[in-house]
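# Reading the structure
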Amino acid sequence: MLLAVEELWPESLAEGWDAVGLVTGHPSQEVTKVLFAVDPVIEVIEEAATWGADLLITHHPLLLRGVHSVAGNTPKGRAVHRLIEAGTALLTVHTNGDSAVGGVSDVLADALGLDNVEPLTKAANGLPEEGIGRVGDLPEITSLAAFAETLFGLLPAVAGGVRVSGDRDGLVRRVAVCGGAGDSLFESVRTANADVFVTADLRHHPASEAREASPDGRPYLVDVSHFASEWLWLPAAAQALDNVLRDQGHTVDIRVSTVNTDPWDFILTPSEG
């Protein structure tokens, strides 16, 4: 199993600050059921345990920042203890899953139908087509409003919806995308001459400064849910792993979590009427 995961999402593609790979579980344990999810939260872990998953693969790390205790009365500790009690190993595929071919941003670019796709920033230790973010072209020019509506329809429903910065009637064709938080990529987005940038977790100051830096309003900004932007990758990742395992002569039951782990429950907005 670990060899199949490494073939698809090599750990060498992970950013230096990241924490990827096996978190709990023994490398030699038998795996017959795998659950994919975005976040290793307790509700997802319970879903994996109830189903009898031997392995939970999440995009986000459980232990990205250092902890000094995994006692059962702490959130991280409860997660670790429940995983061990259930016999469910946890494996993280994070920025290596972002950078790899067929990764998070590739899936988002494919869903939007982009052509001539290439990385926004090339991977230091990867192939030319690997790296963080993607940029490509829509088959036809469209309005920013129509583009945002298409994107909204592709993503899983979450409370925050989709936020857009730019002229509704502005025309777009060249699209930059970065699943997850991508406001560190503005310079690469501008260099790529993107008309619009789709990413998550856009903060006030970077977004405001990006608007101020552009005389024609481009790149327009589309801010989506962090969870939603990365959830699209899960079915594709599950299928890719299944394909590799079958090629290796293994049959494993692989599912995608049904838990919505977006942290927001509802939103209040001003009426346009």
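Shown above is the structure to which this text applies.
On a predicted model such as this, the values are computed, not experimentally measured, just so you know. (Residues numbered from 1 in each chain as written. Predicted model: local features only at pLDDT ≥ 70, side-chain atom pairs only at ≥ 80, totals over all residues. Heavy atoms only, no water.)

## Focus on the side chain of Ser 229
Going by this rule: Where helices and strands are cited, they refer to DSSP runs of H or I of at least four residues and of E of at least two residues respectively, numbered from the N terminus. Counting of polar contacts relies on pairs of N or O atoms within 3.5 Å, with two restrictions inside protein: one atom must be capable of donating a hydrogen and the other of accepting it, and residues adjacent in sequence are counted only when both atoms are side-chain atoms.
Secondary-structure assignment places Ser 229 in helix α9 (residues 226-231). For Ser 229, the side chain forms a polar contact with the main-chain oxygen of His 226, separated by 2.9 Å.

## Remarks on the packing of aromatic side chains
Definition in use: When two rings of Phe, Tyr or Trp (its six-membered ring) have centres within 6.5 Å they constitute a pair, described as stacked for plane angles under 30 degrees, edge-to-face for angles over 60, and tilted for the intermediate range. Remark: exposure states derive from per-residue accessible area (1.4 Å probe, protein chains only) relative to the maximum for the residue type, with buried under 20%, exposed over 50%, and partly exposed in between.
Under the criterion given, the structure shown has 4 aromatic pairs. Ring geometry for Phe 36 and Trp 233: centres 6.2 Å apart, planes at 80 degrees, overall edge-to-face. With Phe 36 in strand β2 (residues 33-37) and Trp 233 in helix α10 (residues 233-247), this residue pair connects regions lying 197 residues apart in the sequence. The same class applies to Phe 36 as to Trp 233, namely buried. Centroid distance Phe 186 to Phe 197: 5.7 Å. Interplanar angle 75 degrees. Geometry classified as edge-to-face. Of the two residues, Phe 186 is situated in helix α7 (residues 186-191) and Phe 197 in strand β9 (residues 196-200); the sequence distance between them amounts to 11 residues. Assigned by exposure class, Phe 186 and Phe 197 land together as buried. Cluster of aromatic residues (ring-pair linked, three or more members): Trp 9, Phe 36 and Trp 233.

## A short note on the pattern of salt bridges
A side chain with one charge may pair with a side chain of the opposite charge, provided their charged atoms come close. Selection criterion: One side-chain nitrogen of Lys or Arg within 4 Å of one carboxyl oxygen of Asp or Glu is enough to make a salt bridge.
A complete count under the given rule lists 10 salt bridges for this structure. With a shortest N-O distance of 2.8 Å, Arg 134 and Asp 106 are connected by a salt bridge. Placement of Arg 134 in strand β6 (residues 131-143) and of Asp 106 in helix α5 (residues 104-111) is noted, with a sequence separation of 28 residues between them. Given a relative accessible area of 1%, Arg 134 falls into the buried group. Exposure remark for Asp 106: the relative accessible area of 12% places this residue in the buried category. Linking Arg 174 and Glu 118 is a salt bridge whose minimum nitrogen-to-oxygen distance equals 3.7 Å.

## Description of helix α2 (residues 42-51)
Among the residues of α2, Val 44, Ile 45, Glu 47, Ala 48, Ala 49 and Trp 51 are the ones counted as buried. Just beyond α2, the residue with positive phi is Gly 52, at close to 85 degrees.

## Observations concerning the sheet that holds strand β11 (residues 253-256)
Short version of the rule: One requirement defines pairing of two strands: DSSP has to find at least two bridges between them. All axes here are fitted lines through C-alpha atoms, helices being fitted over the stretch that makes contact, and every angle between N-to-C directions spans 0 to 180 degrees. Only heavy atoms matter for contacts: two residues are in contact if any of them lie within 4.5 Å across the pair.
With mixed pairing, 5 strands are arranged side by side in an open sheet as β1-β4-β3-β2-β11. Of all strands in the sheet, those with a lone pairing partner are β1 (21-24) and β11, marking the two edges. Going from strand to strand, the sheet's axes swing by 25 degrees on average, the running direction of each strand aside. In terms of strand pairing, β1 meets strand β4 (residues 89-92) through 3 bridges, oriented antiparallel. Counterpart to Leu 22 in the pairing with β4 is Leu 91. Against the sheet, α2 engages β2, β3 (55-58) and β11, with an angle of about 160 degrees to β2.

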